[in-house]
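# Descriptive structure summary
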Amino acid sequence: MTDSKYFTTTKKGEIFELKAELNSDKKEKKKEAVKKVIASMTVGKDVSALFPDVVNCMQTDNLELKKLVYLYLMNYAKSQPDMAIMAVNTFVKDCEDPNPLIRALAVRTMGCIRVDKITEYLCEPLRKCLKDEDPYVRKTAAVCVAKLHDINAQLVEDQGFLDTLKDLISDSNPMVVANAVAALSEIAESHPSSNLLDLNPQSINKLLTALNECTECGQIFILDCLANYTPKDDREAQSICERVTPRLSHANSAVVLSAVKVLMKFMEMLSKDLDYYGTLLKKLAPPLVTLLSAEPELQYVALRNINLIVQKRPEVLKHEMKVFFVKYNDPIYVKLEKLDIMIRLASQANIAQVLAELKEYATEVDVDFVRKAVRAIGRCAIKVEQSAERCVSTLLDLIQTKVNYVVQEAIVVIKDIFRKYPNKYESVIATLCENLDSLDEPEARAAMIWIVGEYAERIDNADELLESFLEGFHDESTQVQLQLLTAIVKLFLKKPTETQELVQQVLSLATQDSDNPDLRDRGYIYWRLLSTDPVAAKEVVLAEKPLISEETDLIEPTLLDELICYIGTLASVYHKPPSAFVEGGRGVVHKSLPPRTASSESTESPETAPAGAPPGEQLDAVPTQGDLLGDLLNLDLGPPVSGPPLAASAVQMGAVDLLGGGLDSLMGDEPEGIGAPSFVAPPAAAVPANLGAPMGSGLSDLFDLTSGVGTLSGSYVAPKAVWLPAMKAKGLEISGTFTRQAGTISMDLQLTNKALQVMTDFAIQFNRNSFGLAPAAPLQVHAPLSPTQTVEISLPLSTAGSVMKTEPLNSLQVAVKNNIDVFYFSTL
Amino acid sequence: MSEKHWKSVVSQSVCDYFFEAQEKAADVENVPPVISTPHHYLISIYRDKLFFVSVIQTEVPPLFVIEFLHRVADTFQDYFGECSEAAIKDNVVIVYELLEEMLDNGFPLATESNILKELIKPPTILRSVVNSITGSSNVGDTLPTGQLSNIPWRRAGVKYTNNEAYFDVVEEIDAIIDKSGSTVFAEIQGVIDACIKLSGMPDLSLSFMNPRLLDDVSFHPCIRFKRWESERVLSFIPPDGNFRLISYRVSSQNLVAIPVYVKHSISFKENSSCGRFDITIGPKQNMGKTIEGITVTVHMPKVVLNMNLTPTQGSYTFDPVTKVLTWDVGKITPQKLPSLKGLVNLQSGAPKPEENPSLNIQFKIQQLAISGLKVNRLDMYGEKYKPFKGVKYVTKAGKFQVRT
């Protein structure tokens, strides 16, 4: 007799039949009927019509039947709130039952019924259960407080449940403590402002004691909670670490990873000279490696986290390279992650092994994986200088295989190697040229064209090669077109006599026959440069290029520090802070690593000096995730960065886009602003919602603006572009542009509320940027922005902010805050 | 498909994202474990030909979810003997009751199978017959005793007439051997599984001859970590029944003996529709024990149409659709090494395959823990009776790959 029979009845009169059975006198028949109802429910059938009949079965002393009815109630109470009231009495009665199992069950189920009327009745029984003599009931009640808070936060606060919950942290039973912590954390997450989990050394001590005794899930909750605590000095951090380390040997990988999180975070506070620091480092490696022998899904999550850990503290796993070697039957998502980590761990000591492995991978079947492996060889060459020669020869071997996608990938990475080690491996160019015809991907074609242009003087038939590309100019992708344009100009500057015709041809193709503004602009710039001052053109186009940085895909240090605080969570899987993807009205608390406050040492903020990274590296480490177009552009035009930054930026800006064109002339006015030291970011000061302000103020604002625009003469104002689409910002759309009025730069913004609620409390803040731009006044939005309303604001800017080279140079990252959330966008 | 909601009801349509991802992945095993959709995140595991998908809305540790899903699958396995669609359908009510006990509002409640079994008794034929006659149910109505004690994994009042404690030391060798036969990577993944049927509250301690081998271990929660740190002795009050006591990893290269070697020559001729295939397996460092249960699996390149081979021992099959060659060898007798050779038919006109296939090898060695780990003695305190004790060793190939 199995349950599958419950699925089989799909006749028309089914509901009627069930109804009859539910009202049957026979207990056995009733139970069977409820089971059938539940079975229908699990497959998504609507059986809500049976609500009263099922509820009638609730008063029973048969526990199984009771459980089933409760299951049903949880699913359908919301759609039948009036009926659900019928059940309240039974619930209240069950909460007094002598059997703790039933008391807990009743309180648990009541919390799951999201009907306001019911929650009112829930308070009294819940209060009793929170003080129940049986720990099982107490721990269930603790969770119930969190449920209730989710339904009606005000009610929970009014009833003083939060205080009771806090008291439970000192409960004698570790499971109750764990659940209380879990409930409090959940509540605190939705109300970041409330100071629910104000941990102090005493409560920490209690948590650590409970940690040893509670179940694995409880351990996870407690560890996550510990991770949010900031110890007062290094001694406290060390003692917490000592008590957390045993968790690294737990069989549950989630416990292990949570423990790793706590340790990684608190390590920040320990001095590196400490013996204990070294011991801790050694202890971290084995559990991380063990995670890799688990199921592939766990491996994947572990690998994503290891990726972060390796970036933060490469010393942890530097001897464990081999565990990241790929097995051919690993799922593809595991393979790709392993590869990534292998490159991060590559060093002079292990490069030979790594290269041998990578070469092996490059002959595998999976195309994506092979591509990444080839790319990885290039990255090794760039990262470990001593291995460059070996890498190049490996790549050449791979090109000999003539497998189309391998060749293309290899050419792309060889281009990068040329950029890192100019004038060293040009002997391979001949081999590359042989494969010219097989290239069909834009990236590979662009890379090849760049190589031909860059080394035009060493390739005898460079003009023929480039000419052959020119035939299908309009069918090429933008990337290739831009590259071809630049390469031909380079060629012309190097061999002016033979290639005049070619350069004419490409310039006219780019400027006259193309609709692409980027291409046209670049074409015009070259044209003018060449026609006005060929010497200057040579200086610009053939300028010595800056060497590319070692690793381009490192996560930005501040983000990395934030992500370290989120080890083990979704954020660590996506490598994005939770604010970037978590939905819903919940505010997200930004976490940061604790500053090192060793008793003997001065305070050192991790943001400004990430451990292990020399300060110079920070500049390069700005994420440039695959913006190859921008990269190629810079690659051609960027004069040495060591030159005066102002000139550099001016040239680049001009080349890159029109918007910047306006800006760079603006910049000329206030060069002294650049390089201004230490800039204290203005706190996102909430502009008080000026409710009393006459509605006309918005209008007059508009008038101001128009008159302002009227006085603008001569300088170019780019049309407003949408910087922040409403979809990304919960209904707030921002478009804007930069203007200059009487020597001051301002950012003209147009804020549109496309959501259904009123927006207030606007504030704005800029990230450090290349030009030291910063708002000169707070963002003034005088009246609350009601739905569908649009407001125009002109925000005066100054260039007195602190300067940090961004990539691309003219990008500006902006954060806008309102009463709903904080949004980020970047502009050019 | 079966669904269960905890916090709020989520429409079934979110699964469409999952199905989409599933279609995109060529192989069911390649479905990414974490998928993001506009409003939710889908975390899935693939076990026994079933996908377990959980839909989450807020930031939670994904490992926690994955562990939980695996625990759910383990529990089903434990309850129904198999974790299959049919088993779940047959026991849908129990499945539902179990899930309800395991999770509350997103917080795991009881995941130890010992406790669950007290709350909801596993189905047996006898019980279902008894239930249908007496009208009683399989839901326990008393609070499980162990749940709140400091040893939640053990229930009180366990009684056996025969008191037994058995340990299985199982070691798996994960290795990658390169073309020339040298070891690229090798490690041993070991576990000690216990089957403990002891009455009362026994307190066991298990000691090893060479505990130094174990430097990277994960323990069952029952093990007292302090004792291990100070004395290198496993001291614990065991759960009742079958459980995994510890798992460990031995990785230092020189400690990992590789018990078999493979001689291979696989070649495809340029511009011809055939190739040669020849592999021989022999024993190496097997500590005098017989290597048995050998199977060789090879994923041949796509252009291979068929294979014409002769084994000196065992039998082979080649599936022309999946291109998988399986050679069931049996055991190795050192006098006559098993080999498999013959011709490979390729698709005519297709270019010769770039890569040579890797060989996947399975084997088993009884009565041997390849790392050399040996149990010294097992002592029991707290109870008066004398239990039967036993330790079994076995070594198996884990992910054992030979590149050619």
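Here we summarise the structure given alongside this text. In this text, all values refer to a predicted model and were calculated from it rather than measured experimentally.

### Section: the overall build of chain B
Looking only at helices and strands, chain B features 7 helices and 21 strands. Expressed as a percentage of contacts within chain B between residues at least 6 apart in sequence, the contacts between residues at least 24 apart total 69%. Carbon and sulfur atoms provide 51% of the accessible area of chain B, an area that totals close to 18200 Å².

### Here's the deal with the packing of aromatic side chains
Residues and elements named next belong to chain A. For the structure on display, the rule yields 11 aromatic pairs over all chains. Summarising the aromatic geometry, the rings of Tyr300 and Tyr333 are spaced 5.3 Å apart at their centres and angled 85 degrees between planes, so their arrangement reads as edge-to-face. Within this pair, whereas Tyr300 is found in helix H18 (residues 296–312), its partner Tyr333 is found in helix H19 (residues 332–345), the two being separated by 33 residues in sequence. Ring plane angle 65 degrees and centroid distance 5.2 Å describe the contact between Phe418 and Tyr455, whose orientation is recorded as edge-to-face. Here Phe418, found in helix H23 (residues 404–420), pairs with Tyr455, found in the loop between helix H25 (442–454) and helix H26 (462–470); they are 37 residues apart in sequence, far enough to count as distant.

### With respect to the sheet that holds strand S8 (residues 822–827) of chain A
Residue and element names in this part refer to chain A. Read from one edge to the other, the open sheet built from 3 strands follows the order S4-S7-S8, with strand pairing classed as antiparallel. The open sheet has two free edges, formed respectively by strand S4 (763–766) and S8, since each of these has just one partner strand. Ignoring strand direction, the axes of neighbouring strands in this sheet form an average angle of 25 degrees. Pairing analysis gives 4 bridges linking S4 to strand S7 (residues 812–817), with the strands arranged antiparallel. The residue of S7 that forms the bridge with Ile764 is Val816.

### A few points about the pattern of salt bridges
All names here are of chain A. The final tally for this structure, using the stated rule, is 31 salt bridges over all chains. Between Lys128 and Glu96 there is a salt bridge, and its shortest N-O distance comes to 2.8 Å. Taken as a pair, Lys128 in helix H8 (residues 116–130) and Glu96 in the loop between helix H6 (81–94) and helix H7 (100–112) lie far apart in primary sequence, 32 residues in all. Of the charged contacts, one joins Arg375 and Glu409 as a salt bridge, the two residues approaching to 2.4 Å between their closest N and O atoms. Placement of Arg375 in helix H21 (residues 367–383) and of Glu409 in helix H23 is noted, with a sequence separation of 34 residues between them.

### Details of the packing of helix H13 (residues 201–213) of chain A against helix H14 (residues 216–227) of chain A
Residues and elements named next belong to chain A. At a closest axis distance of 10 Å, the pairing of H13 and H14 adopts a crossing angle of 150 degrees. The orientation of H13 relative to H14 falls into the category roughly antiparallel. Two packed elements cross with a definite hand, and for H13 against H14 that hand is left-handed. Together, Ile204, Leu207, Leu208, Ala210 and Leu211 of H13 and Gln219, Ile222, Leu223, Cys225 and Leu226 of H14 make up the contact between the two elements. Tallied by class, residues from the contact of H13 with H14 come to 9 nonpolar, 1 polar and no charged.

### Some points on the nonpolar core
A:Tyr72, A:Val244, A:Leu317, A:Phe324, A:Phe418 and B:Phe76 are the most contacted members of the largest nonpolar core, which has 265 residues in total. Those residues in contact with A:Phe324 that lie beyond four places of it in its chain are A:Leu292, A:Leu303, A:Ile306, A:Leu317, A:Lys338, A:Ile341, A:Met342 and A:Leu345. Ranked by size, the runner-up nonpolar core spans 73 residues in total, among them B:Cys222, B:Phe225, B:Phe236 and B:Tyr393.

### Some words on the state of the cysteines
By the definition in use, this model includes 0 disulfides over all chains. The cysteine A:Cys129 is free of any disulfide, with A:Cys95 supplying the nearest cysteine sulfur at 4.8 Å.

### What about unusual backbone geometry?
Residues and elements named next belong to chain B. Its identity as a non-glycine residue notwithstanding, Arg232 has a phi of 60 degrees, on the positive side. For Arg232, the location among the structural elements is in the loop between helix H7 (225–231) and strand S10 (233–236). On the accessibility criterion, Arg232 (30% relative accessible area) is partly exposed. Positive phi is not limited to glycine here, since Lys323 has a value of about 65 degrees. When you line up the elements, Lys323 lands in the loop between strand S16 (315–319) and strand S17 (324–330).

Definitions and cut-offs
- Residues numbered from 1 in each chain as written.
- Chains lettered and ligands numbered in written order.
- Predicted model: local features only at pLDDT ≥ 70, side-chain atom pairs only at ≥ 80, totals over all residues.
- Heavy atoms only, no water.
- Helix = DSSP H or I, 4+ residues; strand = E, 2+ residues; numbered from the N terminus.
- Contact = heavy atoms within 4.5 Å.
- Areas by Shrake-Rupley, 256 points an atom, 1.4 Å probe, with all protein chains shown as cover.
- Phe/Tyr/Trp six-rings, centres within 6.5 Å; stacked < 30°, edge-to-face > 60°.
- Pairing = 2+ DSSP bridges.
- Axes fitted to C-alpha atoms, helices over the stretch in contact; angles between N-to-C directions.
- Salt bridge = Lys/Arg side-chain N within 4 Å of Asp/Glu carboxyl O.
- Parallel < 35°, antiparallel > 145°, perpendicular 65-115°, else oblique.
- Left-handed = near helix turned anticlockwise from the far one by under 90°.
- Nonpolar A, V, L, I, M, F, W, Y, C, P; charged D, E, K, R; others polar.
- Core = buried A, V, L, I, M, F, W, Y, C linked by side-chain atoms within 4.5 Å.
- Buried < 20%, exposed > 50% of the residue type's maximum accessible area, 1.4 Å probe, protein only.
- Disulfide = S-S within 2.5 Å.

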